[in-house]
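# Summary of structural features
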Amino acid sequence: MISRRRVLLRTFASAGAYPFTRFARAQAPQVGAIRIGLGTALSGPFAIIGNDIHAGAQFAVDLLNRKGGAAGRPIELVVKDTKTNPNDAVAAAREFLGEGVKFIVGGLYGAEAAGQIPIVAGANGIYIIEATQGMAFTHESFARNMFRTSENSVESMAGFTQIALDRYPNVTNWVYFGLDSAVNRAGADVFNKVMTDAYARVGKTITFHDPIWVKLGAGDFRNELSAIMGSSIEGMCSQVTGADGITCYTQARALGLQNKIKVIYDQGNEIGFAKAMKQNVPPNMWVSTPWYHGLYPNDPISNAIYDAYLTKTNDRYPQGWLHFGAAPVFALARGIEAAGGSTDPDKIIAALESGVEFHTMKGPAHIRKEDHQIVADLNYINYAPAPEEPGFKIADMIKLDGAKYLEPASPGKPYVP
């Protein structure tokens, strides 16, 4: 599942792209190095995300190596292209293990993680999910050898609900507007449950209109948008992303949707979306992001990676997906150190389960013992048009304590909204 991280429009992919392909070339293993395998999409429809993940992981490796690596040993990143294809992801996992790489980062989206985790767990390696938010991985599909260093969909939605209560308490007519998929249909149920419970606790009743579903690549969303315009809807959870998101919100602007809808909560249109929309970006859109550097002005790791990105790209607005690559590296390095420098997976698992703290681009984090879910900040940003380049600005930003919004751990049992 990666409903919030769908592919962005290829025409603006260059806005977040940079030449990191050199890291993917085959290299002889470094003597004495701790090797971490990164499987992500360097080509295919999710490549704009995968290349950011790759960059974030390499920035983290470079930063750690400048400080002595992990337990005094250098870290080497071994990269394979999963090509946005579950079969290639499975092949990559097997290749990593065959090459002696037992620490593997993957799971850009759910199908990749579902195929890779049993293989890595069967070989008693360690698998860290880089991005997918699917609830199953820390619930009914939980595996002892798996950890997740990205937030899950429930806590992300719960965090936004807090923002809605604080900023828009009188917006009580909501709709879920999304690309039609099993993942998004499940997401609509979660959003409904999370919002209903939160508002009920403060004595408010939410009215949910029937979800509005559109087809991937439809190209024309005016009928659905017109239905919203003719309704009492004031708040919208949007899962129309990527190329469809650009098209949809361009059409929505022509219809005046930005004047009717008081708040949009979006889980997929990262900063690349704002770079494409420029002054046409909806001014009332809140986006959940893995990391926004402006929320961590005094954090040394956030600043170091931001500076490395800026030096590489001359782009002042990195996408939060860098965090997806960096966080697994920081977690593994700290686990190795906490295990006394051992690279025995069992000892590292025990160390991470102990609650040992590791520093990420979002400050301190740790792993919840019961289900191996990261406990870290949640980040949200609000776009607004701007007359100067790049045509938009971050009008507001909020970080929340993710621990307050995590659902109870129940490894081995399905999550039921």
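Our subject in this report is the structure included herewith. (Residues numbered from 1 in each chain as written. Predicted model: local features only at pLDDT ≥ 70, side-chain atom pairs only at ≥ 80, totals over all residues. Heavy atoms only, no water.)

## Notes on the sheet that holds strand S13 (residues 363-367)
- With antiparallel pairing, the three strands of this open sheet are ordered in space as S12-S13-S14. Among the strands making up the open sheet, the edge pair consists of strand S12 (358-360) and strand S14 (374-375).
- In this sheet, S14 lies alongside S13 in antiparallel orientation, the contact comprising two bridges. From the neighbouring strand, His366 faces S14, where its bridge partner is Val375. (Pairing = 2+ DSSP bridges. Helix = DSSP H or I, 4+ residues; strand = E, 2+ residues; numbered from the N terminus.)

## Notes on the pattern of salt bridges
- If you walk through the whole model with that rule in mind, you get 14 salt bridges.
- Lys80 is the salt-bridge partner of Glu95, the closest N and O atoms lying 3.5 Å from each other. Of this pair, Glu95 sits in helix H2 (residues 86-98) while Lys80 sits in strand S2 (residues 75-81), and the two are 15 residues apart along the sequence.
- With relative accessibility at 14%, the residue Lys80 sits in the buried group. (Salt bridge = Lys/Arg side-chain N within 4 Å of Asp/Glu carboxyl O. Buried < 20%, exposed > 50% of the residue type's maximum accessible area, 1.4 Å probe, protein only.)

## Considerations on empty space enclosed by the protein
- Considering all chains together, one arrives at two cavities of 30 Å³ or more under this definition.
- For the largest cavity, the calculated volume is near 70 Å³.
- Lining the largest cavity are Tyr249, Ala252, Arg253, Leu257, Gln258, Ile261, Ile264, Asn280 and Pro282.
- For the lining of the largest cavity, the secondary structure elements donating two or more residues are helix H7 (242-255) and helix H8 (257-260).
- Considering each element in turn, the lining of the largest cavity owes the most residues, three residues, to H7. (1 Å grid on protein atoms, 1.4 Å probe; cavity = no way out; pocket = protein on both sides within 12 Å on 5 of 7 lines; lining within 4 Å. Points joined across faces, edges and corners; volume = space filled by probe spheres on them.)

## Quick notes on the layout of surface pockets
- When its volume is computed, the largest pocket comes out at roughly 350 Å³.
- As for the largest pocket, its lining consists of 17 residues, of which Val154, Ala158, Val194, Arg201 and Tyr405 are closest to the centre.
- Contributions of two or more residues to the lining of the largest pocket are made by helix H4 (153-167) and helix H5 (182-201).
- Taken together, the residues that form the lining of the largest pocket break down as 10 nonpolar, two polar and five charged. (Nonpolar A, V, L, I, M, F, W, Y, C, P; charged D, E, K, R; others polar.)

## Re the side chain of Glu270
- Turning to its location among the elements, Glu270 is positioned in the loop between strand S10 (263-266) and helix H9 (271-277).
- Exposure remark for Glu270: the relative accessible area of 1% places this residue in the buried category.
- Other than its neighbours up to four places away in sequence, Glu270 contacts Thr289, Pro290, Gln319, Gly320, Trp321 and Tyr383. (Contact = heavy atoms within 4.5 Å.)

## Side note on the packing of helix H6 (residues 222-229) against H7
- Across the interface, H6 lies against H7 with an axial gap of 10 Å and an inter-helix angle of 45°. When the axis of H6 is compared with that of H7, the two are oblique. Where H6 crosses over H7, the two elements pack in a sense that is right-handed. Note on element contacts: H7 touches H6 through Cys248, Gln251, Ala252 and Leu255, opposite Arg222, Leu225, Ser226 and Met229. (Axes fitted to C-alpha atoms, helices over the stretch in contact; angles between N-to-C directions. Parallel < 35°, antiparallel > 145°, perpendicular 65-115°, else oblique. Left-handed = near helix turned anticlockwise from the far one by under 90°.)

## Considerations on the pairing of strand S15 (residues 377-385)
- Most of S15 sits inside the fold, with eight of its nine residues counted as buried.
- As judged from the four bridges shared by strand S11 (residues 285-289) and S15, these two strands associate in the antiparallel manner. Following the sheet pairing, Val287 is matched in S15 by Ile381.
- Strand direction decides the pairing type here: S15 and strand S16 (residues 392-401), joined by nine bridges, are antiparallel. Across the sheet, residue Ala384 finds its bridge partner in S16, namely Lys393.
- Joining the antiparallel neighbours S15 and S16 is a turn of six residues, in which Gly391 adopts a positive phi near 95°.

## With respect to helix H1 (residues 47-66)
- Taking 1.5 Å of rise per residue, 20 residues should cover 28 Å, and H1 covers 28 Å from first to last C-alpha, within 8% of that figure.
- Judged by how many residues are buried, H1 sits mostly within the fold: 17 of 20 residues are covered.
- Positive backbone phi, approximately 105°, marks Gly68, located one or two places after H1. (Expected span 1.5 Å × (residues − 1).)

## Observations concerning the nonpolar core
- Counting 87 residues, the largest nonpolar core has Phe177, Met236, Phe330 and Tyr383 as its most contacted members.
- Among the elements that take part in this core, H1 stands out by supplying 10 residues, more than any other. (Core = buried A, V, L, I, M, F, W, Y, C linked by side-chain atoms within 4.5 Å.)

## Some words on H7
- Over its 14 residues, H7 extends 20 Å from the first C-alpha to the last, a length consistent with the 20 Å expected when each residue adds 1.5 Å.
- The complete set of buried residues in H7 reads Gly242, Asp244, Gly245, Ile246, Cys248, Tyr249, Gln251 and Ala252.
- Gly256 sits one or two residues past H7 and shows a positive phi near 85°.

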